[in-house]
Every structure is written in C-alpha cells, then in structure tokens.
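Listed below are the residues making up each chain.
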Amino acid sequence: MKITSVEQLNDLRAKKHDLVTVRKIVASEGEKLAAATGYRKQVLVCGGTGCTSSGSKKVIEKLEEELKNNNLDDVLVIKTGCFGLCSLGPIMIVYPEGSFYSQVTPNEIPEIVSTHLVPGGEPVKKYLYAETVHTDGSTIPLSETAFYKKQMRIALRNCGVIDPEDIEEAIAVDAYQALAKVLTTMKPQKVVDELLRAGLRGRGGAGFPTGRKWSFAMAQDNETKYVCCNADEGDPGAFMDRSVLEGDPHSLIEAMAIAGYTIGSKQGYVYVRAEYPIAVERLKIAINQAKEYGLLGKNILGTDFEFDIEIRLGAGAFVCGEETALMTSIEGHRGEPRPRPPFPAIKGLFGKPTILNNVETYANIAPIINKGADWYSSIGTENSKGTKVFALGGKINNVGLVEVPMGTTIREIVEEIGGGIPNGKKFKAAQTGGPSGGCISAEYLDVPIDYDNLVQIGSMMGSGGMIILDEDTCMVDISKFYLEFTVDESCGKCTPCRIGTKKLLDYLTLITEGKATMEDLDKIQELANHMKNSSLCALGQTAANPILSTMNAFGDEYIAHIKNKHCPAGVCKALLSFTIDPEKCKGCTLCARQCPVGAITGNVKQPHVIDADKCIKCGLCMSNCHFNAIEKK
C-alpha cells in the first residue's frame, strides 16, 4: 500500500485507531471498543531486550499454541516494546481489562488461557502484579501505580502500546501526522521557530538547543546535507534509545524526515551499535515499511519532498558517541574525533552540513509539532523543558525505564517510582551521566533534576543513565570502575586523554590498595584540570568527573583508604581483613571446608582462626557461616 496524500494517511489512521485505543483504556468504554475491533481480548507481551532475555519469546510461543488449541481466534497477541518495568519481566497485559501479569513463564500460560482468556473468564490473581489489583480483585490501571503515577511518557508514548513491526499500528497512534503537517502547512523556518519556542534541548548529554542546531545547518548554502542519528548509546547501564528503537521506531523515522525537510537534506543515517540486534532488526523493518507506504523515498505524501534513511552499524566504541567520531565511523574510517570548529552543522559528514541528534531527542519532535510549542514548554523547568527518560538501575527495587518531567527530584525517582532501596539499605548516591558524569549524594536528593542543577551539584544529565548506589558501595571503587571503562574506550588520538586516563586509574589503584599518599589527591586534581582544558573531545575532558565528584562529596572515604588503610564499605579487597569471633564460633568446620586456599584451621566444636597471610579475601567463609561468627573489617 502506498500513501500518496494526507487524506489517505488519515483514512488509515481512522481504520486502525480503535484497535490500538483499547490498550489505553481500562473501563467499560474499553469493552465497547474491543467489541468494535473484532477481538474480544488483546494480549500484549513485552518483546524488548530485557523481557526477551527473561524468556518472553517462549511465553509468546506457548500463548499462541494454547490459543490455537482452545480455538480462541478472537484473542489477538501483540509483541510490543518495553513497558518500563524491566525487573518484572516477562510482562504480559490483557486488554480491555488491563490485567498485568508479571514474571510470566510458559508453564503458567495454560492456566491463564483456560481460566482468563476463555469467554467469561476471570484473571488468575496469583500471577498478577500485586500493585495493579484492588483488595476486591478489580484492576488498577498501570497509570495509577506508584511506578507510573509520576511519569509523563512523551518520548516513550508508544512503547509497550503498539506492535513496533506494524506501521499501521504506528499510524493509528498519530505516526507521520507531524510530517504531514510540516510538509503541507509549515515552512522550514517555522519548524525551527517551533522547536526554539518549545525549548527542546538535546537529550544526548550536552543539552544544546535543538532548534539552534537545525537552524545552523538550514542556513548553509549547499545542495547536499545530511541528517544523522546517534543510536550508539555507550554509557554503562543506559538503554533509553535502544528501547525507543525497539518499541516505536517510526517516531525516529518521522522526526528524521522532518529534520531533512527543515534543513534541506535528502539523506539520513542512523548509527546504531551492532550489540542491539532487536533494535536493529525492528528499525530495518520500519524503514522498509515506510518506503513501501511511501513515507520515505520520493514525493512523500504527494509533495516534491524526498528523503531516505540508511543504517550504519557501530562496533560498540564509546568514543563514537562523540559527534565527529561518529561521522568519521559512518564514512568508513576508524572512529576518532576531529578538532572543532568547524562544527558539523557547517562541515560534518563527508564534509557537508550535517545535524546529529540522539534517538530520544528525535522522539520528542513529532509531539511538539502536533501539540504545539506552548504545550511542550509548559512541562519542566525554566531552562529545561519537557521530560527526560532515565534508565534506572543499580541498587533499586524497580529497575527499568522511566520518563519524568524535568524538575522531578531524585528522591521522587528513587523512593516513589523506583520503589526504594532493596533489603532496607540506605541510599548513598545516584550516578548520572555515565563515565562523563558524577555521583550525587543524599544531600541533594530533593534537588529538581534539570541540566543546570545537575551540573551545579557536580554531575550532568548525560544521555540518561541513573545508577543508584546504597550504603555498601565504595565510592573510590565506583570511580575506579568508570576510569577502567574510560581507559579501555579512549581512542588514543590525543595525549591528554590517552595518557591522562591511565594515570588517573593508576592513582585510584594505589588508593584502593592502601598505597597512596595525600599528595596523590592534589595530583589528581591537577591532572584533571589539564585533561579538561586540553583533551580533543568530551571523553577526555570529562573523564575525571566521577573522581572529582566523589572526592568532593565523599572525601572522607578517600582519606580513610589513604590514612587508615581501611575501606569503610568493605569492598576494596587489599584493605579487607576477615576474623572469626571465638565467642560465636561453634566449630562446625563449614568455613574451613569452603575456604579455597585452606586459610582457616581449627578442631571440630572448637573456635577456628583465619591465617591472614593465606586469606585471599573471597568472602566465602562469611557468606556460609550460619552463626554470624565471621566479621569483615
């Protein structure tokens, strides 16, 4: 089917609209819509990377098998993108009632089908997510649960709602409506003005105003220009862009086409890491469908505008998150940054004017065009408009993907949306911005999150990774982890980064081994300043941020490692010692039998002792002691 006019696009939208709307309504109205679509039930199963790794593919296969065996051809199964609650996967939701099944296994499917999905059936309560069920058994909409209540899904608006491999479902929820509006009613300058009024800033880390970036490229007098998307997403623990590609790839395609129209480009490139196989496959399917339906290619929607998109796979180099290194990689060369200026908007890919935004930035474009700049700018803070997607991980109960209005506090994300810290532990810090960011201590839990506030308290927004750390975390060890990552990922092109990151790691290694001096802290500060001022790209310029932020907020831990040869969190092995309390030891010999190096001796029913010279500090003795007789100091 080829769509050659806005009228055809709207007709297709109307045709499919009810089918998808059912998945957004949990009430009697949803039942009426369900009847109108021809499907009594719709079962949505998460097909994102998180749930796929937990076995959702086998759940879908078993579900389709059981439906066939029970002749239930009025039940539609949809494989969606990420719902956000990754820690509960595999996730399955049944509409129109909205029953939310979590951690589903294939073994549970026969009972769910025979009890719930048959005509007149009832949900199997024992498999439902507890927070979505009232005491009387009725369903609580997902939007009213603690995880979703404070979220506002703009970039993630269709993730977990549509089948990402069906362009018609995307069109049913307004995909390509913004492109149609732009092509038929807006001049390129009007698009730029709308983005500037909306206040959209780049979601890839630096927060540069998107409208200004597009205006620079638009102003260049060149017949050949390019639109690029950074879907490389190299920060440890970050999976925001991946989830958009997996759950709503058409939002990216539409936004890149709008960008192409605005700056005068006919060609776009999506640079995505090869380690994202599901995202890559769904993006390929979406691009092919967009071409088939006439939404990519020549004479889009009956106009004289043409635009195409190609995918370029990256090898997972973190440095290719830097815009010039990414473009160098697309050109077929080793991914290394180039000196700036000239900036890519003037001389970018293949030496032509180029704009580059990340997936999340593009995912905000269509809603701004459709709903207007005033609507978007009413969300967030004065200098940080809209929402931000965070990949919430680490020591948190609700690991997953969240999207909140700018200005939401870290406390709200951790305690309300994230469900708090597991095992009753205390919050210690939130690490944001990945290897270029910093750690935010409990002192700043109530600071509203936006670009400026995070910089002021020693961190940065970054692409959106948020790793929660509890009281058992050593902040020196965390800094060392990020430096090890940066050392591995430095391209080595400039000396300050190539040598500086390795030297910083050497200092941290000395500290964690109890071999450093207080003077080494001053040397770290001095080296960090040199790297910030002289490194070629942001990788080297910001590599010291995790160290500097933890030295500032948790300086006492650095001093304890250096002066007292002690790791307060009990993490750094070189500074640990294990001892057995003779008053508590029952002489059961379990610890001695578990010790891999024979460092524990003692007779049966007599207190045992640990030979510190032999001990490799693996902790097996402590974890296996039933009497809490072994202490770690």
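**Q** What should I look at first to understand the overall build of the chain in this one?
**A** The helix and strand tally for the chain stands at 27 helices and 17 strands. For 633 residues, the compact-globule estimate of 2.2 N^0.38 gives 26 Å, and the chain sits close to it at 27 Å. Across its three principal axes, the chain shows a C-alpha extent of roughly 85 × 65 × 40 Å. Burial analysis of the chain (633 residues in total) assigns 57% to the buried set. Within the chain, contacts between residues separated by at least 24 positions form 70% of all contacts whose residues are at least 6 apart in sequence.

**Q** How should I be thinking about helix α18 (residues 410-417) in this particular structure?
**A** In an α-helix there are 3.6 residues to a turn, and that puts residues three or four apart on one side. Among the residues of α18, those classed as buried are Ile410, Glu412, Ile413, Val414 and Ile417. Positive phi appears at glycine 419, one or two residues downstream of α18, with a value of about 75°.

**Q** Would you mind going over the packing of helix α21 (residues 495-512) against helix α25 (residues 555-563) with me for this structure?
**A** Any two packed helices are characterised by the angle at which their axes cross and by the distance between the axes. Here α21 crosses α25 at 65°, and the two axes come no closer than 8 Å. Taken together, the axis directions place α21 and α25 in an arrangement best described as roughly perpendicular. Between α21 and α25, the contacting residues are Leu508, Ile511 and Thr512 on the first element and Tyr558, His561 and Ile562 on the second. In the contact of α21 with α25, the residues fall into four nonpolar, two polar and no charged.

**Q** Looking at this structure, how should I read helix α8 (residues 177-185)?
**A** Gln177, Ala178, Leu179, Ala180, Val182 and Leu183 are the residues of α8 that are buried. Those residues of α8 that are buried lie in contact with α1 (6-21), α9 (188-198), α12 (249-263) and α16 (365-371).

**Q** Sorry, what's going on with the pairing of strand β12 (residues 438-441) here?
**A** Taken residue by residue, a regular strand's side chains alternate between the two faces of the sheet. As paired elements, strand β11 (residues 427-432) and β12 share four bridges and run antiparallel to each other. Residue alanine 430 lies in a different strand from β12, and its bridge partner there is isoleucine 440. Linking β11 back to β12 in an antiparallel pair, the connection comprises five residues, with glycine 433 at a positive phi of about 85°.

**Q** Can you help me understand the nonpolar core in this one?
**A** It is characteristic of soluble globular proteins that their nonpolar side chains tend to be buried jointly. The biggest cluster of nonpolar side chains holds 83 residues, and the ones touching the most others in it are Tyr176, Trp214 and Tyr362. Here this core takes nine residues from α12, the largest share from any one element. Counting 44 residues, the second largest nonpolar core, distinct from the first, contains Ile25, Val414, Ile449 and Ile457.

Rules used in this analysis
Residues numbered from 1 in each chain as written. Predicted model: local features only at pLDDT ≥ 70, side-chain atom pairs only at ≥ 80, totals over all residues. Heavy atoms only, no water. Helix = DSSP H or I, 4+ residues; strand = E, 2+ residues; numbered from the N terminus. Rg over C-alpha atoms; globule rule 2.2 N^0.38 Å. Buried < 20%, exposed > 50% of the residue type's maximum accessible area, 1.4 Å probe, protein only. Contact = heavy atoms within 4.5 Å. Axes fitted to C-alpha atoms, helices over the stretch in contact; angles between N-to-C directions. Parallel < 35°, antiparallel > 145°, perpendicular 65-115°, else oblique. Nonpolar A, V, L, I, M, F, W, Y, C, P; charged D, E, K, R; others polar. Pairing = 2+ DSSP bridges. Core = buried A, V, L, I, M, F, W, Y, C linked by side-chain atoms within 4.5 Å.

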